[in-house]
Amino acid sequence: MKIKSLLPWRIALLAVLLALSGCGERPWNDPYPASEWGQNILYTAFTDRPKHLDPAQSYAEDEINFTAQIYEPPLQYHYLKRPYTLIPASAAAVPHPRYYDAQGHQLPDDADPSRIARSVYDIAIKPGIRYQPHPAFARDDQGRPRYLHLTPSQLAGVRQLSDFPYTGTRELTAADFVYGIKRLASPRLSSPIFGMMAGHIVGLGDLATRLQKASPGAGPWLDLDRFDLSGVRALDRYTYRVELNGKYPQFLYWLSMAFFAPIPREVDQFYNQPGMGERNLSLDWYPVGTGPYMLTENNPNSRMVLSRNPNFHGETYPCEGEPGDRAAGLLRDCGKAMPFIDKAVFTREKESIPYWNKFLQGYYDASGISSDSFDQAVKVNVGGDVGLTPEMAAKGIRLLASVKTTTDYMGFNMLDPVVGGLGERGRKLRQALSIAIDQEEFISIFLNGRGIVAMDPLPPGIFGHREGAAGLNPVVYDWVNGQPQRKSIARARQLLAEAGWPHGRDAKTGEPLVLYLDTTAGGMGDKSRIDWLTRQLAKVDVQLVVRPTDWNRFQEKLRKGTVQLFYLGWNADYPDPENFFFLLAGKEGKVLHGGENQVNYANPDFDRLFEQMRNMDNGAPREALIRRMNALLQQDAPWIFGFYPKVYTLGHAWLLNRKPTDVGNNILKYQRLDVGLRQKLRSQWNPPVRWPLWGGLLVLFVLAFWAWQRRGAEKSGDSSGL
């Protein structure tokens, strides 16, 4: 009886202990496993699932976040220096080309590019680099590959790479780089850069022809070692040679991209066994590299994980950078071993609001800023200076701002009979529309001011870009009181009349000028933007008809030249003016040549200057040619130059060593976490909501007290009965 009388109090005591057990440091709403609390793990998000992680095929921004941390091409960009500077990655040094004429005589470095028939790059790689652990390298006791020529019964229980219990590794060799370049020509891969590289790498086009013939009878694996590539070969274990047609100095930039990462022959053979493809066992799903991280979890619909590569050869944090880097704390880890972070967890977020809320709670370490959250995060002062709102500053959040090496534009199809052509009628029409469409207003309304009006194709950070009056587009702007001022609508109307369209009507027939804009979902098809653009054209009495379409149909229209107006943009592959001006080179015309010149602009004067400029070294002569090229583009107006996007990103106080970069993407290894600070602030920002628990606890106490009183009454009754 005495023991039973204590039971209600024991229940109440247990409730108190349960309540107190929830008062630990880890927040109750933490979305991650308890085992990860306090670990050296970066948490971030991705919005679009990667389609290709195979370096021969991957060419999308949402894929490079992974591939750049896994693969190690020969070169990389210095993390801190600007202008962007190439430094070795897996290579021992940045290679210096040798030039030869058509007779095989070596030429001096400053030889006229027209005399250069061949450029030869001998690329030495660092000895001792080893691949990440992988089943393709696993060997049995006799030294034979464990997982080669697998039968269906051996693959029966395999669903993911971790189902293979044994892994191995081996040293990186020059032959792996040769094999990787050969894969660019494989008909089974359709590399997006094959067409371009076939024009530069000696013999690559011929190799593609031979592989095309051999592929049908080769079985599941096409062994590329059976085929020579005349312009690429290994000279010894640690050196390989690449020969190019003519002079192409931009090739060094390509050597910093995953396209030129090494691929081990045995990995290619391992993945191309029967039964592997249907299990998503491929380089597209499980990449294999020598970089600081390896992909250990791949669920592209929800979560992807990069983990430290235990075989990484090591690298140290840079000790020099730009002026101001030291004051920004970017040199504090000078000389320390990288990478700093053990693991990076990427969670897929399809909507911006949940992503933003989790960042504010501290569950994502960094975040971009969507239009919906811009005013909550950023304040713009009267002078145009951008800073954090007090709410963000109070959290210790840091703002990183940069201008992307990207240009957005409206294109005119130069083959179109109305808006195209190099004659006065088409040119003045395009000039008039360039004035009428107010880019400053567009940036203010739709981008929250996150853009710089473009005067030509070259964004800031690219050689040849000029600021201020020197970089003005005189067709669209005047320089007034130290600022660019858009020319008047009266001037636009005058140009339209001179083009034969007074008051927006054909001077001969009186028919109204109607223009057609092709759009895709998620682009300029947004209704508010279309309404804005319609009003812009109405200022010069031009009517707009919008033709919405899907992406595939839009691409087909571009290929056939059946578009009139459209919006596109270009992100720099590498920081060189050639990478932007080639978008307007005649031999890159989309309709005639299937190239990247989507507007089919073909001006012989521009093309001549482009061929002179493209292979020159940076300097005053090259800059003079760029000025002349820009002047031609401003007059001909094949594009309405739009804007260079500004990018604002936020990072919490515990995420260190962050610096904006547009062309260097292997940035995870440089970043560092203060895990203790993160734990502390997460707990402060996510206090548990305890009132329901305490309310329940009060009810338990009341019940316990009631039970105790009742038990006491029963005992009194028992005593009186005796």
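Residues numbered from 1 in each chain as written. Predicted model: local features only at pLDDT ≥ 70, side-chain atom pairs only at ≥ 80, totals over all residues. Heavy atoms only, no water.

Draft legend 1. Main features of the state of the cysteines. Counted according to the given criterion, the structure contains one disulfide. Covalently, cysteine 319 is tied to cysteine 334 through a disulfide, its sulfur atoms 2.0 Å apart. For the disulfide bridge between cysteine 319 and cysteine 334, the dihedral angle about the S-S bond is near 90°, and by the sign convention the bridge is right-handed. Here cysteine 334 lies in the loop between β11 (315-316) and β12 (337-338) and cysteine 319 lies in the loop between β11 and β12, a separation of 15 residues in the sequence. A residue is classified by how much of its surface remains accessible, and cysteine 319, at 41% relative accessible area, is partly exposed. Judged by relative accessible area, cysteine 334 falls into the partly exposed class, the value being 35%. (Disulfide = S-S within 2.5 Å. Helix = DSSP H or I, 4+ residues; strand = E, 2+ residues; numbered from the N terminus. Buried < 20%, exposed > 50% of the residue type's maximum accessible area, 1.4 Å probe, protein only.)

Draft legend 2. Main features of the packing of aromatic side chains. Counted according to the given criterion, the structure contains 36 aromatic pairs. On the basis of an interplanar angle of 85° and a centroid distance of 6.1 Å, the ring pair of phenylalanine 46 and phenylalanine 66 is categorised as edge-to-face. Note that phenylalanine 46 is positioned in strand β1 (residues 41-46) and phenylalanine 66 in helix α3 (residues 61-70), a separation of 20 residues in sequence. Residue classification places phenylalanine 66 among the buried residues on the basis of a relative accessible area of 0%. With a centroid separation of 5.2 Å and 80° between ring planes, the pair formed by tyrosine 355 and tyrosine 364 is classed as edge-to-face. Here the aromatic residues Tyr59, Tyr77, Tyr84, Tyr253, Trp254, Phe259 and Tyr574 are joined through ring pairs into a cluster of three or more. In this structure, arginine 146 is placed above the aromatic ring of tyrosine 166, and the distance from its NZ or CZ to the ring centre is 3.9 Å. (Phe/Tyr/Trp six-rings, centres within 6.5 Å; stacked < 30°, edge-to-face > 60°. Lys NZ or Arg CZ within 6 Å of the ring centre and 35° of its normal.)

Read these as geometric descriptors, not functional statements.
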